[in-house]
Amino acid sequence: MNINRRDFVLSGAAAAFAAAGPKTAFGQAPFDVAQGRPTMLTPRSVKPVVISSSNGNRFKNGGTMTCVEKAFSLITKGSDVLDALVEGVNIVELDPLDTSVGYGGLPNADGVVQLDSSCIHGLKKRAGAVAAIEGVRTPSRVALAVANETDHHLLVGRGAQEFARNMGFTIEDDLNTDTSRARWLEWKRRIDPEHYLDPKKRAERGRQVMLDMVREGLLDENHIYGTINCDGVSPKGEVCGVTTTSGLAWKIPGRVGDSPILGAGLYVDGAVGAAGSTGRGEANLFNLCSFLIVEEMRRGASPKDAGMAALKRIAANTIEKRLLNDKGRPNFGLNFYVLNAKGEHAGVSMYDATYAVCTENGPQTVRTEALYEGKPTE
Ligand code: GLY
């Protein structure tokens, strides 16, 4: 994007300058944590864009628009950016065909759908998240209510459900669809034929069964860890993000992934940009990569370079044999969706993948920049 000097405001290099009038697109100076003072150049106006994981341009839940289209259209009509992103991901959460998010998400090992979500408003500097919540089809809306209605950032389990009930959300006994229940039953049948296996064999067998189900077309490889992350920037440079998931298929009940953890599955700094993830949450939780990516961008890295730095950190920190393939590389997929406050963006991934983008030219699914060629298990 071509932004000339007049489109920028150098905010706060001198406090008086910032106070005298020139301000960022948000009417406030961005803040350099290391220096303790605002220093960054921020565009006064940007071309709006919405990015997401590829399922954000696949599912329509019987409607006419995908997640990225819906969010983009609302943002360009002047909607609050976070409200628009949450409306976008609601399409995927509610669509029973996406087995990685919301209603019809693949359940845990007990056959119960437990959902995680987080959201951050870059301008308002508000955040909310829920983890292991049951019975609510749209956990992103509950995360938004945590951000808007409470002094807290993260509610979990029964407490999150009670909060949702009190906020007027419908609580359902079971979010399984016939498909998600059938897949769980098939997994149970395969993993536990005699009902008892020793824990070590069970873990090994669990992974093998998962890979067999992928090969046989019963499980989408991308849905083992599922998730949608969606980030957007408005013409005024307001950046927000949301992540929502049913988490790892067949997880131990109570397992929480990276999606609801601020700094892991999502991080937004309104003056810098947003980053979010899909893929193996444990690897991201260990490295808090969304925070790392935003901090890399704060230091001047492009979205692509910032995302690549995170993937390299994860690869370096993956040393257990069970997590490495024959080439000694991570044997799992992990993707980051990265957007800066200027509207520049990148999708980066451990292995080949795609991500969704919506601009004034409409929605597109494009290739990510991959750290390694091929597939995780090759
Ligand atoms: N990235 C989603 C999860 O691991 O739960």
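Structure: above.
Residues numbered from 1 in each chain as written. Predicted model: local features only at pLDDT ≥ 70, side-chain atom pairs only at ≥ 80, totals over all residues. Heavy atoms only, no water.

1. Details of the side chain of Thr138
Going by this rule: Secondary structure elements are defined from DSSP: runs of H or I of at least 4 residues count as helices, runs of E of at least 2 residues count as strands, and each element is numbered from the N terminus. When a residue's accessible area, from a 1.4 Å probe over protein chains only, is under 20% of the maximum for its type it is buried; when over 50% it is exposed; and in between it is partly exposed. Throughout, a contact is declared for two residues whenever any of their heavy atoms are within 4.5 Å.
Tracing the chain through its elements places Thr138 in the loop between strand 5 (126–133) and helix 4 (139–149). Judged by its relative accessible area of 10%, Thr138 falls in the buried class. Excluding its chain neighbours within four sequence positions, the residues that come into contact with Thr138 are Asn90, Glu93, Leu94 and Phe169.

2. Structural notes on the site of the ligand
Definition in use: Throughout, near means a residue has at least one heavy atom within 4 Å of the molecule or strand. Two N or O atoms form a polar contact when they lie within 3.5 Å of each other; inside protein one atom must be a possible hydrogen donor and the other a possible acceptor, and for residues adjacent in sequence the pair counts only when both atoms belong to side chains. Computed with the Shrake-Rupley method and a 1.4 Å probe, the accessible areas treat only the protein chains shown as cover for residues. For this classification, Asp, Glu, Lys and Arg are treated as charged, while Ala, Val, Leu, Ile, Met, Phe, Trp, Tyr, Cys and Pro are nonpolar and the rest, including Gly, are polar.
Taken together, Tyr225, Thr227, Gly247, Leu248, Arg255, Gly257, Asp258, Ser259, Gly279 and Gly281 are the residues near the ligand. Between a nitrogen atom of the ligand and a main-chain N or O atom of Gly279, the distance comes to 2.7 Å. Contact between the ligand and Gly281: an oxygen atom at 3.0 Å from a main-chain N or O atom of the residue. Across the complex, the protein chains shield 100% of the 200 Å² of accessible surface that the ligand would expose by itself. Along the lines of polarity and charge, the residues of the shell around the ligand split into 2 nonpolar, 6 polar and 2 charged.

3. Quick notes on the environment of Arg329
For Arg329, the location among the structural elements is in the loop between helix 10 (303–317) and strand 11 (334–340). Under the relative-accessibility criterion, Arg329 is labelled partly exposed at 28%. Sequence separation of Arg329 and Tyr372 is 43 residues, and the distance between their C-alpha atoms is 8.6 Å.

4. Digging into helix 3 (residues 81–94)
Put simply, the rule reads: Expected span of a helix: the number of residues minus one, times 1.5 Å.
With 14 residues, helix 3 extends 20 Å from end C-alpha to end C-alpha; this agrees with the ideal 20 Å at 1.5 Å per step. Of all 14 residues that make up helix 3, 11 are buried, and the element is covered over most of its length. For helix 3, the complete set of buried residues consists of Val81, Leu82, Ala84, Leu85, Val86, Gly88, Val89, Asn90, Ile91, Val92 and Glu93. Looking at the buried side of helix 3, the elements it contacts are strand 3 (49–53), helix 2 (67–76), strand 4 (115–121), helix 4, strand 7 (228–233) and strand 8 (239–245). The distance from a side-chain oxygen at the start of helix 3 to the backbone nitrogen of Leu82 is 3.0 Å, and the residue carrying that oxygen is Asp80.

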